[in-house]
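Here's the letter readout for the chains.
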Amino acid sequence: MGKLAFVFPGQGAQSVGMGQDVYESNPDSRKIFDEADEVLGFDQKKLIFEGPEAELKKTYHTQPALLTTSIAYYEALRQAAPAPDYVAGHSLGEYSALVVAGVLSFADAVRIVRLRGEYMESAVPGGQGAMAAVLGADRAALESLCARLSREAGIVEPANVNCPGQIVVSGSKEGVQAVIEHGKEAGAKRVLPLEVSGPFHSSLMKPAAERLADTLRNVPMNPAGIPVIANVSAQPVTDPEEIGRLLVEQVCAPVLWEDSIRRLIDEGVDTFVELGSGTVLAGLIKKIDRSVRVLSVNSKEAVDQALAEL
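Our subject in this report is the structure included herewith. (Residues numbered from 1 in each chain as written. Predicted model: local features only at pLDDT ≥ 70, side-chain atom pairs only at ≥ 80, totals over all residues. Heavy atoms only, no water.)

For the rest of this paragraph, the subject is the sheet that holds strand 3 (residues 129–135). A sheet is described by the order of its strands in space; here four strands give the open sequence 4-5-3-6, paired in antiparallel fashion. Two strands close off the open sheet at either side, each with one partner strand: strand 4 (156–163) and strand 6 (190–193). Pairwise comparison of adjacent strand axes, ignoring direction, gives a mean angle of 25° for this sheet. Along the sheet, helix 13 (residues 280–288) contacts strand 4 and strand 5 (166–172); its crossing angle with strand 4, the most-contacted strand, is approximately 80°. (Pairing = 2+ DSSP bridges. Helix = DSSP H or I, 4+ residues; strand = E, 2+ residues; numbered from the N terminus. Axes fitted to C-alpha atoms, helices over the stretch in contact; angles between N-to-C directions. Contact = heavy atoms within 4.5 Å.)

This paragraph deals with the packing of aromatic side chains. Counted by the stated rule, this structure contains four aromatic pairs. Plain terms: the ring middles of Tyr 23 and Phe 33 are 5.6 Å apart, the flat faces sit at 85° to each other, and that makes the pair edge-to-face. Remark: Phe 33 occurs in helix 2 (residues 27–40) and Tyr 23 occurs in helix 1 (residues 20–25); sequence separation between them is ten residues. Phe 33 matches Tyr 23 in its accessibility class, with the two residues each being buried. Grouping aromatic residues by their ring pairs yields a cluster made of Tyr 23, Phe 33 and Phe 49. Taking the ring centre of Tyr 23 as reference, the NZ or CZ of Arg 30 above it sits at 5.7 Å. (Phe/Tyr/Trp six-rings, centres within 6.5 Å; stacked < 30°, edge-to-face > 60°. Buried < 20%, exposed > 50% of the residue type's maximum accessible area, 1.4 Å probe, protein only. Lys NZ or Arg CZ within 6 Å of the ring centre and 35° of its normal.)

Every buried residue of helix 11 (residues 240–250) is listed here: Pro 240, Ile 243, Gly 244, Leu 246, Leu 247, Val 248 and Gln 250. Residues of helix 11 that are buried in the fold lie against helix 6 (93–100), helix 7 (106–123), helix 10 (206–216) and strand 8 (236–237).

Under the definition given, this model contains 21 salt bridges. Note that Lys 45 and Asp 37 form a salt bridge whose closest N and O atoms lie 2.6 Å from each other. Pair check on accessibility: Lys 45 and Asp 37 agree, each one buried. (Salt bridge = Lys/Arg side-chain N within 4 Å of Asp/Glu carboxyl O.)

Strands sit in the order 8-7-2-1-9-10 across an open sheet of six strands; the sheet is mixed. Strand pairing shows two members of the sheet lacking a second neighbour, strand 8 and strand 10 (293–297), which therefore form its edges. In this sheet, strand 10 lies alongside strand 9 (residues 269–275) in parallel orientation, the contact comprising five bridges. Paired with Glu 274 across the two strands is Ser 296, which belongs to strand 10.

Strand 5 sits mainly inside the fold: seven of its seven residues count as buried. Inspection of the sheet shows strand 3 paired to strand 5 by seven bridges, in the antiparallel sense. Paired with Ala 130 across the two strands is Gly 171, which belongs to strand 5. Judged from the six bridges that link them, strand 4 and strand 5 form a sheet pairing that is antiparallel. Residue pairing for strand 5: Cys 163 is matched across the bridge by Gln 166. Once strand 4 ends, the chain turns through two residues before running back antiparallel as strand 5, passing Gly 165 with a positive phi of about 85°.

Okay, structure coming up:
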């Protein structure tokens, strides 16, 4: 019998209206949205359900909104679904994984990610940082190209190792522009600039990491009841002290998503359930290994379908 992993999306998966169907149909999901409003001190669900999209896309809104939506879908699934053997999340999604693993309370997590968004937003002045998706490049060749261009043009580093042939780079505007111009040298077929408000998961985020470290010092964390695959190391972690350290590191370090999924498959996982808005992770997981089963739980119907299949 294969193992089960629950995975949670990060920034970029958000959409206006996400989670509204489970809010209206499931009392446990409704409680999550209401609790988030209470913790954040404003009507977040109105912003999530009605927009405007431009406001929802601001990272300090996006992060708590995605966390709330993921945990609302988890609550809708939890009563009747088997417990996962592992959890993991992409960047921000790691906080959803930590709530499900019992490391963080939902209230603490939603408060932290709101602050994390604010710290990330203010770490680098607007217009000075950038990110781009590099398609088709060789990973090692892209790493050495980034190292060279960081010296010649401006800081640029691999930020998300998503799946074979898809690596996001992040850094200074000049550094990312240099990758756009020289990406072919690492085998890239295309380099696409991303619409983001900062150079996330690069060393330029150090000020945000330092502020997050201060915030996390005052947050109680429990040992994980379910092993969490950490973005930074692609290894399972359960120790709260180590988890806290890795969350700080994660702000400046690349998200090793491909490595994390391969690690889960090595651990015997053959079924992945993506909980939250969109199907981004399902697409990436299928590009990493077509043989595994992936279910995306992003609507009331998808909850029912997943319960029938699990």
